[in-house]
Amino acid sequence: MITVTKTFLPPLEEYHKLLNGIWERGWLTNEGPLVERLEEVLKQELGVKHLFFVSNGTLALQLAIKALALKGDIITTPFSYVATTSSIVWEGCRPVFVDICPETLCLDPAQIESAITPDTRAILATHVFGTPCDVEAIARIASRHNLRVIYDAAHAFGVSHLGQSVLNSGDVSTLSFHATKLFHTGEGGAVITTNDELAHRLSYMRNFGHNGPNQFIGLGINAKNSELHAAMGLSVLPYVPQLMQRRQALSALYDALLTPLDLQRPMLPAGASSNYSYYPVLFRSEEQLLTAVAALNSHDIYPRRYFYPALTNLPYTQGAAACPVAASVASRVLCLPLYYELAEAQVEQIAQIITEVCQRKGVCA
Ligand SMILES: *Cc1c(COP(=O)(O)O)cnc(C)c1O
């Protein structure tokens, strides 16, 4: 069976070595030495100022909204994972959807200003599939209208734009270290900021608002992560360059084999790097996509419809303004299997099945 992704597990001895230390110390959570070490190496590797390791990428988003004390409307993308929208609603704010750019599939800055009202407080955009948003345009709009900016950078681990880490954009960026992500800690995530005051707030908010054992400086939640998860992260991290290289090679093979089919691929802006987290393709129609999925499934191959449905169609976002580009993209996009252990022969088989479907339908090729 081939699935859309497969978690990379580091050599067990390496994880085990770190577990030995945990057993010796008897220290499992509450800012232990491995959590601190992971935060330090991530800050260095990612080139960011403040980074807090948290329980998952969803709580990272919720903490970002909470720390910025947002109350009101948040302009956001309809094309992302559900957590981007659900965290806004969970924090008592209202998502206002603005359509995406048909080339990059990220929030379209040209359509943001007409959606701004006196109730707008912030913009929450996703670097979808690791493609950087137009952060300069979004920064200009935000400063013109005094809005805060949060980036859901769950897909953008290690991505740079014009030589700068994309994680330094906006007021806060969030990462997910879920087992399906390029770099993972089993479950986990991070909040990142360059702002010292905001960093202070995030640091106590993730730990119940504690300021020392008997003091609280404000409202907090338990968003800490454990030594066990940090140990997984520290064991996986040294392999990330190798994981990216392998994914790059497999993506290039897909590119070569699928080129004759003229399937649309998201455009990477000039000056942006890719981390090869995903291999999304856009079919011409939903019918063609469903035919391809059925053909792949019949060979025990399970790609995923990332991201479907568009987030304007959730049970709690009904009645949101229509976003025709996102609706169309969501109905036609498919992420093909891409992971470290995937073999060239398997990529060839997948490309062959898709080619047959497209030719049978007479739509592409
Ligand atoms: C995975 C993901 C999240 C949620 O992260 P978790 O760690 O699973 O909570 C949020 N946003 C996007 C875009 C994601 O892909």
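Just so it is clear, the model here is predicted, and its values are computed rather than measured. (Residues numbered from 1 in each chain as written. Predicted model: local features only at pLDDT ≥ 70, side-chain atom pairs only at ≥ 80, totals over all residues. Heavy atoms only, no water.)

UniProt marks Lys 181 with the feature "modified residue: N6-(pyridoxal phosphate)lysine" (unreviewed entry), using the numbering shown here. Relative to the elements of secondary structure, Lys 181 occurs in the loop between strand S9 (172-176) and strand S10 (189-193). Taking the relative accessible area as the measure of exposure, Lys 181 reaches 17% and is therefore buried. Contacts of Lys 181, omitting those with residues within four sequence positions, involve Ala 154, His 155, Ser 176 and Tyr 278. (UniProt positions renumbered as here; feature names shortened; annotations may be inferred. Helix = DSSP H or I, 4+ residues; strand = E, 2+ residues; numbered from the N terminus. Buried < 20%, exposed > 50% of the residue type's maximum accessible area, 1.4 Å probe, protein only. Contact = heavy atoms within 4.5 Å.)

In this section: the site of the ligand. Near the ligand, the surroundings consist of 15 residues, among which Thr 58, Asp 152, His 155, Ser 176 and Lys 181 are the closest. At 2.7 Å from an oxygen atom of the ligand is found a side-chain nitrogen or oxygen belonging to His 155. A distance of 2.7 Å is found between an oxygen atom of the ligand and a side-chain nitrogen or oxygen belonging to Ser 176. Only helix H3 (57-67) and helix H4 (82-90) provide two or more residues apiece to the shell around the ligand. The class makeup of the residues in the shell around the ligand is three nonpolar, ten polar and two charged. (Near = heavy atom within 4 Å. Polar contact = N/O pair within 3.5 Å; in protein donor to acceptor, adjacent residues only side chain to side chain. Nonpolar A, V, L, I, M, F, W, Y, C, P; charged D, E, K, R; others polar.)

What follows covers the packing of aromatic side chains. This model, assessed by the stated rule, comprises 14 aromatic pairs. Where Phe 129 meets Tyr 278, the ring centres are 5.6 Å apart and the plane angle is 55°; that geometry is what we call tilted. In this pair, Phe 129 sits in the loop between strand S5 (120-126) and helix H5 (135-145) while Tyr 278 sits in the loop between helix H8 (240-258) and strand S11 (280-282), placing the two residues 149 residues apart along the sequence. Ring geometry for Phe 177 versus Phe 183: centroids 4.9 Å apart, planes at 80°, classification edge-to-face. Of the two residues examined, Phe 177 and Phe 183, each falls in the buried class. Within the aromatic cluster, the residues linked to one another by ring pairs are Phe 79, Tyr 81, Phe 129, Tyr 278, Tyr 306 and Phe 307. The ring of Tyr 279 is capped by Arg 265, whose NZ or CZ atom sits 3.7 Å from the centre of that ring. (Phe/Tyr/Trp six-rings, centres within 6.5 Å; stacked < 30°, edge-to-face > 60°. Lys NZ or Arg CZ within 6 Å of the ring centre and 35° of its normal.)

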